[in-house]
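# Fold and contact review
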Amino acid sequence: MDRSEALYEQARTLLPGGVNSPVRAYRAVNMAPRFITRADGACIWDEDGKRYIDYVCSWGPMILGHNHPVIRAAVEEAVQDGLSFGAPTRREVEMAQLMVQLVPNIEMVRMVNSGTEAVMSAIRLARGATGRDKIIKFEGCYHGHSDCLLVSAGSSALAGGCPSSAGVPEDIVRHTLTAQFNRLDTVEDLLKEYPGQVACVIVEPVAANMGVVGPEPGFLQGLRNLCDSYGALLIFDEVITGFRLALGGAQAYYGVRADLVTFGKIIGGGMPVGAYCGSRKLMEQVAPCGPVYQAGTLSGNPVAMAAGLAQLRYLKDHPEVYENIDKKAAFLGESMKQSAARHGVNVAVNRVGSLLSPFFVPSAVSTFVDAKGSDLGAYAAYFRGMLDRGVALAPAQFEAMFLSDAHSPEDLAQTARAVDEVFAQLAQR
């Protein structure tokens, strides 16, 4: 038994499932999780000292790589002044100014502590501003674990075979309506069925919690048009895509306007943080200006703001990062396709910018139904084979690979070789 396995056995007696977030339990890949001791650049190291090229990147925020010196220096400077004040600070104002400057169509920002909290608060604001109760989400999209959104959810809820949750009252989820991603007709049908009752449509602009599934041409603009026609607000959940697809997020990348936008992860340089943003008219409905209540002792934490400011300022000053990481993801995606063809393995490779995922299916994946057809046993074997070769991927089919600016040509070449070897093995299954 290695050190990670021993720690996992101990953790299972102290933490539910031995983890503090379900996907970390590695149940979808049938093995004990790796316990990580440190990370630097494109790599992580486990308790036994084994090094892995990391394509999880803390689920996205490490766009510059782990332990980036600019971010680390900002954190070290901030902690000398204290860890938390429960009071306003200069850095949260500077962060809001920078976000308003970079992200289209937002005028005000409210900082929170996680993506889950950001989305929960944005939906409350949409309901308060419209006076309506119902919301529309998409099957297979994950927006955090607040009650009203744990309906046909993606991410670890999907990988675990539990698309909803015990403990969520039926009276709450009866206001949550579910449509199909990339199917505008399913959205319009719901808007027609519940006229004047839908407060908002919330969507991941790129669905990245059913694997990576991009929006088909016209889908996001179609949502904008439907929301305008039926008086609903459009919420982009950019906890994953924000500042990763582009400096202005999915709104800039696709040229589609959202009414409210949620962020997380990346705006804290990987530290716990979230935010929801929108027009001044909407955001001034939030307390203490307006009647929509939301609060948080640690919101705008000075250390998290220091890390996030350092990362966003670096990205602003180095726009070439986006071109670099997109090229790296394109290289890996093409390598996967070539290996799959060479070995006769059924794999569909989806990529949007620096987000990437292989699906073990014989045909293209553009909907949640397509994604659910993936061979989960094949993915588990692929994951284990890659881990054995020093490449760390998400331990579930319905997640994304994330590229960072720190991934070197040598890292990519090693990864491509590992993919080819594992696909050759899968062809023998």
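Because the structure is a prediction, the values reported are computed rather than measured. (Residues numbered from 1 in each chain as written. Predicted model: local features only at pLDDT ≥ 70, side-chain atom pairs only at ≥ 80, totals over all residues. Heavy atoms only, no water.)

## A few points about the overall build of the protein chain
- Of the regular secondary structure elements, the protein chain holds 15 helices and 14 strands.
- In terms of overall dimensions, the protein chain is globule-like: its C-alpha atoms have a radius of gyration of 21 Å, near the 22 Å expected for 429 residues.
- Dimensions of the protein chain, computed from C-alpha atoms along their principal axes, come out at roughly 60 × 55 × 45 Å.
- Taking all 429 residues of the protein chain together, the buried fraction comes to 56%.
- Considering only intrachain contacts with a sequence separation of at least 6, the fraction spanning at least 24 residues in the protein chain is 71%.
- Seen as two clouds, the 38 positive and the 45 negative side-chain charges of the protein chain have centres 0 Å apart. (Helix = DSSP H or I, 4+ residues; strand = E, 2+ residues; numbered from the N terminus. Rg over C-alpha atoms; globule rule 2.2 N^0.38 Å. Buried < 20%, exposed > 50% of the residue type's maximum accessible area, 1.4 Å probe, protein only. Contact = heavy atoms within 4.5 Å. Lys, Arg positive; Asp, Glu negative; His and termini not counted. Charge placed at Lys NZ, Arg CZ, Asp CG, Glu CD.)

## Section: the packing of aromatic side chains
- Enumeration according to the criterion identifies 11 aromatic pairs in this entry.
- When the centroid spacing of 5.4 Å and the interplanar angle of 85° are considered together, the rings of Tyr-26 and Phe-383 count as edge-to-face. Of this pair, Tyr-26 sits in the loop between helix H1 (3–12) and strand E1 (36–40) while Phe-383 sits in helix H14 (residues 376–388); the two residues are 357 residues apart in sequence, bridging distant segments of the chain. Across the pair, Phe-383 and Tyr-26 agree in class, each one buried.
- Three or more aromatic residues link up through ring pairs in this structure, and these residues are Phe-360, Tyr-379, Tyr-382 and Phe-423. (Phe/Tyr/Trp six-rings, centres within 6.5 Å; stacked < 30°, edge-to-face > 60°.)

## A closer look at the pattern of salt bridges
- For the structure on display, the rule yields 13 salt bridges.
- Residue Arg-313 is joined to Glu-94 by a salt bridge in which the shortest nitrogen-to-oxygen separation is 3.3 Å. Within this pair, whereas Arg-313 is found in helix H11 (residues 302–317), its partner Glu-94 is found in helix H3 (residues 90–102), the two being separated by 219 residues in sequence.
- Arg-183 is the partner of Asp-185 in a salt bridge, and the nearest nitrogen-oxygen pair spans 2.7 Å.
- Look at Asp-185 and you get partly exposed, because its relative accessible area is 37%.
- Overlapping salt bridges, with partners in common, bring together Arg-224, Asp-228, Arg-257 and Asp-259 in one network. (Salt bridge = Lys/Arg side-chain N within 4 Å of Asp/Glu carboxyl O.)

## Quick word on the confidence of the model for the protein chain
- In the predicted model, the protein chain carries a mean pLDDT of 94, and the fraction of residues at 70 or more is 96%.
- The low-confidence segment residues 154–163, where pLDDT is below 50, has 25 contacts with residues more than four positions distant or belonging to other chains. (pLDDT = per-residue confidence, 0-100.)

## Considering unusual backbone geometry
- The amide bond that connects Ala-287 to the next residue, Pro-288, takes the cis arrangement and shows omega of 10°.
- Its place among the elements puts Pro-288 in the loop between helix H10 (280–283) and H11.
- Here Trp-59, not a glycine, exhibits a phi torsion of approximately 65°, which is positive.
- Relative to the helices and strands, Trp-59 is located in the loop between strand E3 (51–54) and helix H2 (69–79).
- Of note in the backbone geometry, Asn-67 takes a positive phi value of approximately 55° without being a glycine.
- Mapped onto the secondary structure, Asn-67 falls in the loop between E3 and H2.

## What to know about the packing of helix H12 (residues 320–343) against helix H15 (residues 409–426)
- Close contact between H12 and H15 brings their axes to 9 Å; oriented N to C, the two are set at 25°. Classified by the interaxial angle, the pair formed by H12 and H15 is roughly parallel. Once H12 is placed against H15, the crossing between them reads as right-handed. In this structure, H12 uses Lys-328, Phe-331, Leu-332, Ser-335, Met-336, Ser-339, Ala-340, Arg-342 and His-343 to contact H15, whose residues at the interface are Leu-412, Ala-413, Thr-415, Ala-416, Val-419, Asp-420, Phe-423 and Ala-424. (Axes fitted to C-alpha atoms, helices over the stretch in contact; angles between N-to-C directions. Parallel < 35°, antiparallel > 145°, perpendicular 65-115°, else oblique. Left-handed = near helix turned anticlockwise from the far one by under 90°.)

## Points about the sheet that holds strand E11 (residues 348–352)
- Reading across the sheet, the three strands line up as E11-E12-E14 and stay open at both edges, with antiparallel pairing between neighbours. Whereas interior strands pair on both sides, the edge strands pair on one side only; in this sheet they are E11 and strand E14 (401–402).
- Across two bridges, the pairing between strand E12 (residues 355–359) and E14 is antiparallel. Bridge pairing links Leu-356 to Met-401 in E14. (Pairing = 2+ DSSP bridges.)

## Considering the packing of H3 against H11
- At a closest axis distance of 9 Å, the pairing of H3 and H11 adopts a crossing angle of 30°. Seen along the crossing, H3 lies across H11 with a hand that is left-handed. For the pair H3 and H11, the contacting residues are Arg-91, Glu-92, Glu-94, Met-95, Leu-98, Met-99, Gln-101 and Leu-102 in the first and Pro-302, Met-305, Ala-306, Gly-308, Leu-309, Leu-312, Arg-313 and Lys-316 in the second.
- Looking at side-chain class alone, the contact of H3 with H11 contains nine nonpolar, two polar and five charged residues. (Nonpolar A, V, L, I, M, F, W, Y, C, P; charged D, E, K, R; others polar.)

## Some thoughts on helix H4 (residues 115–130)
- Its 16 residues give H4 an end-to-end C-alpha distance of 22 Å, which sits within 8% of 22 Å, the value for a rise of 1.5 Å per residue.
- For H4, every residue scored as buried is listed here: Gly-115, Thr-116, Glu-117, Ala-118, Val-119, Ser-121, Ala-122, Ile-123, Leu-125 and Ala-126.
- Positive backbone phi, at 70°, marks Gly-131, one or two positions downstream of H4. (Expected span 1.5 Å × (residues − 1).)

## Comments concerning the side chain of Asn-182
- Along the chain, Asn-182 turns up in the loop between strand E6 (176–179) and helix H7 (184–193).
- A polar contact is formed between the side chain of Asn-182 and the backbone oxygen of Gly-214, at a distance of 3.1 Å.
- Beyond its immediate stretch of four places on either side in the chain, Asn-182 contacts Val-213, Gly-214, Pro-215, Glu-216, Phe-219 and Ser-366. (Polar contact = N/O pair within 3.5 Å; in protein donor to acceptor, adjacent residues only side chain to side chain.)

## Side note on the environment of Arg-72
- Along the chain, Arg-72 turns up in helix H2.
- Overall, the relative accessible area of 34% leaves Arg-72 in the partly exposed class.
- Counting along the chain gives 193 residues from Arg-72 to Lys-265, while the straight-line C-alpha distance between them is 16 Å.
- Within polar-contact distance, the side chain of Arg-72 engages the backbone oxygen of Asn-67 at 2.9 Å.

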